[in-house]
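Next come the chains, spelled out residue by residue.
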Amino acid sequence: MFNKKAFIFILTITLIASLYSTEFTFSPDGIPNPRLYNGWITDVGDYISVEDETEINETISEIETATSVEIAVVIVPNCGGDIFGAAQALGDLWKVGKKDKDNGVIILASIDEREFRTHTGYGVEEILPDGLVRTLQDTYVIPSFKEAKYGDGILRYLTQLKKIFNNNEEDVSEDSGLAEDKDHESLRDKYFNNSNIS
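Just so you know, these numbers come straight off a predicted model, no measurement behind them.

Turning next to the pairing of strand β3 (residues 104–110). In regular strands, side chains alternate between the two faces of the sheet. With seven of seven residues buried, β3 lies mostly within the body of the structure. Of the two faces of β3, both are covered, the one formed by Gly 104, Ile 106, Leu 108 and Ser 110 as well as the one formed by Val 105, Ile 107 and Ala 109. For strand β2 (residues 70–76) and β3, the ladder comprises seven bridges, and the chain directions are parallel. Paired with Ala 72 across the two strands is Ile 106, which belongs to β3. For the crossover from β2 across helix α3 (residues 83–94) to β3, the handedness is right-handed. Where β3 lies against strand β4 (residues 115–120), six bridges are found, and the strand directions are antiparallel. From the neighbouring strand, Ile 107 faces β4, where its bridge partner is Thr 118. Linking β3 back to β4 in an antiparallel pair, the connection comprises four residues, with Arg 114 at a positive phi of about 55 degrees.

Right, here's the structure in full:
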């Protein structure tokens, strides 16, 4: 017997999945700010499980409570070829971090482009210098992402960030403005090799 409601539901899900995978165009205004929903992560395309999303939100909330550092995690199909600009735009739009400390962090994963960026406010630059960020990403993020375990990679990364922030709470400066490291080394080549993502 033909189930019209089930058919419409499946068709809708299929169309949404197709939209995210093939028709997605990055626009900062089109990315939901997770803080509007009392969360810290926006997953455009359902790349991670509900369980991982819950754990990510809990981990970031623990970091924010202990240190006041705010972290927004964004997962999108693509950034239009400019992950630095995308992260900068989201940071400018959402004002992540405490205003008097500029201690916000944007973690942006572009799945189809195989790019991953950690964009820091000036208030946490000394705690998270570029070299340390690259090492952490190479060690904890990239191996999991190669196996399409995106939630696992982000959680492992956040676990390390939590340790770092908890040990360096008093070192967070009160400068303002987002870091503009345009020479940030892309992980695209390393991520691309042997990646499970097609």
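Over its 12 residues, α3 extends 16 Å from the first C-alpha to the last, a length consistent with the 16 Å expected when each residue adds 1.5 Å. Burial in α3 covers these residues: Ile 83, Phe 84, Ala 86, Ala 87, Gln 88, Leu 90, Gly 91 and Trp 94. Directly after α3, the chain includes Lys 95, whose backbone phi takes a positive value near 55 degrees.

What follows is about the confidence of the model for the protein chain. Predicted confidence across the protein chain gives a mean pLDDT of 80, with 73% of residues reaching 70 or more. Low pLDDT (under 50) marks residues 169–198, which in the prediction has 84 contacts with non-local residues, meaning those over four places away or in another chain.

Reading the values: rules and limits
Residues numbered from 1 in each chain as written. Predicted model: local features only at pLDDT ≥ 70, side-chain atom pairs only at ≥ 80, totals over all residues. Heavy atoms only, no water. Buried < 20%, exposed > 50% of the residue type's maximum accessible area, 1.4 Å probe, protein only. Helix = DSSP H or I, 4+ residues; strand = E, 2+ residues; numbered from the N terminus. Pairing = 2+ DSSP bridges. Right-handed = clockwise from strand over helix to strand, strands pointing away. Expected span 1.5 Å × (residues − 1). pLDDT = per-residue confidence, 0-100. Contact = heavy atoms within 4.5 Å.

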